[in-house]
Amino acid sequence: MLLLAVDTATPAVTVALHDGDSVVAESTRVDARRHGELLLPSVDRVLTTAGLALDAVTGVVVGVGPGPYTGLRVGLVTAATFGSVLGVPVHGVCTLDGLAYAAGLQEPFTVATDARRKEVYWARYDGSGTRSGEPAVDRPADIAGQVAGLPAVGAGALLYPEVFPDARGPEHQSAAALAALAAGKLAAGEELLPPRPLYLRRPDAQVPRNYKVVTPR
């Protein structure tokens, strides 16, 4: 097994290789505006570090969000392209699950990432790191009662200390954690998510309404 994992659902552009036992190489750059520019060089960097060619990859793992539309689709399209070119399966993993796995907490907790618009993408997890319910997007004040008393991880938690007073690391997503989580599930015979995006809300760009129709004379 050699999994290539990528995630661009958060400001972190993160890539890792996992051989089924451990992480072989990884690269993470935090830049919310350069996902498309940074992803492929990061893939090349981890392959070079590992001394491997792209055709050695036996599967692709991609973070499916939730995340902003523009950044999220960069990783998903890239993963789909690699899967098609290499003829290997593409597995989706919830980005919040990757952060939860990296946190390694042994008690109930929350993961929250920055959804912009003064909102967070979030989910609750039990002491084994298993997610309770589906990810959601909300204003922090609206979920204060649901997350009260729980430690929290992720950049979204750090942005709103009044709602997440026990905010902890990791702050950013790690493809190494995402790959390790996927490798464990695949080894156990578990099915992963399809590589489809979890946007949770409509994109910012909208077709103008009531625009003036110009007809030729």
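Rules used throughout
Residues numbered from 1 in each chain as written. Predicted model: local features only at pLDDT ≥ 70, side-chain atom pairs only at ≥ 80, totals over all residues. Heavy atoms only, no water. Core = buried A, V, L, I, M, F, W, Y, C linked by side-chain atoms within 4.5 Å. Buried < 20%, exposed > 50% of the residue type's maximum accessible area, 1.4 Å probe, protein only. Helix = DSSP H or I, 4+ residues; strand = E, 2+ residues; numbered from the N terminus. Contact = heavy atoms within 4.5 Å. 1 Å grid on protein atoms, 1.4 Å probe; cavity = no way out; pocket = protein on both sides within 12 Å on 5 of 7 lines; lining within 4 Å. Points joined across faces, edges and corners; volume = space filled by probe spheres on them.

> Teacher, can you tell me more about the nonpolar core here?
What tends to happen in soluble globular proteins is that the nonpolar side chains get buried as a cluster. In this structure, L4, V6, V15, L17, V43, V60 and V62 are the most contacted members of the largest nonpolar core, which totals 23 residues. When contributions to this core are tallied by element, the ones reaching two or more residues are β1 (3-7), β2 (12-18), α1 (35-50), β4 (59-63) and α2 (69-86). Residues within four places of V60 in sequence aside, it is in contact with L4, A79, F82, G83, V88, P89, V90 and H91. Ranked by size, the runner-up nonpolar core spans 13 residues in total, among them A5, L181, A182 and A183.

> Looking at this structure, I do not really get unusual backbone geometry. What am I missing?
Excluding glycine, most residues fall at negative phi; most peptide bonds, likewise, are trans. Residue P66 is reached from G65 by a cis peptide bond, and omega for that bond is 10 degrees. Note on placement: P66 falls in the loop between β4 and α2. Here G169 and P170 are connected by a cis peptide whose omega angle stands at 0 degrees. Residue position: P170 is located in the loop between β10 (167-168) and α6 (175-187). At R116, a residue that is not glycine, the phi angle is positive and equals roughly 60 degrees. Along the chain, the position of R116 falls in strand β6 (residues 109-116).

> Honestly, the environment of Q146 in this entry has me stumped. Any pointers?
One can find Q146 in helix α4 (residues 144-147). Residues Q146 and L186, 40 residues apart in the sequence, show an inter-C-alpha distance of 32 Å.

> Got a minute to help me understand empty space enclosed by the protein in this structure?
Any empty space left between the atoms is revealed when a probe the size of a water molecule rolls over them. What the rule picks out here adds up to 1 cavity of 30 Å³ or more. Reported here for the largest cavity is a volume of approximately 30 Å³. In this structure, the largest cavity is lined by T10, P11, L99, T113, D114, A155, E171, H172 and Q173.

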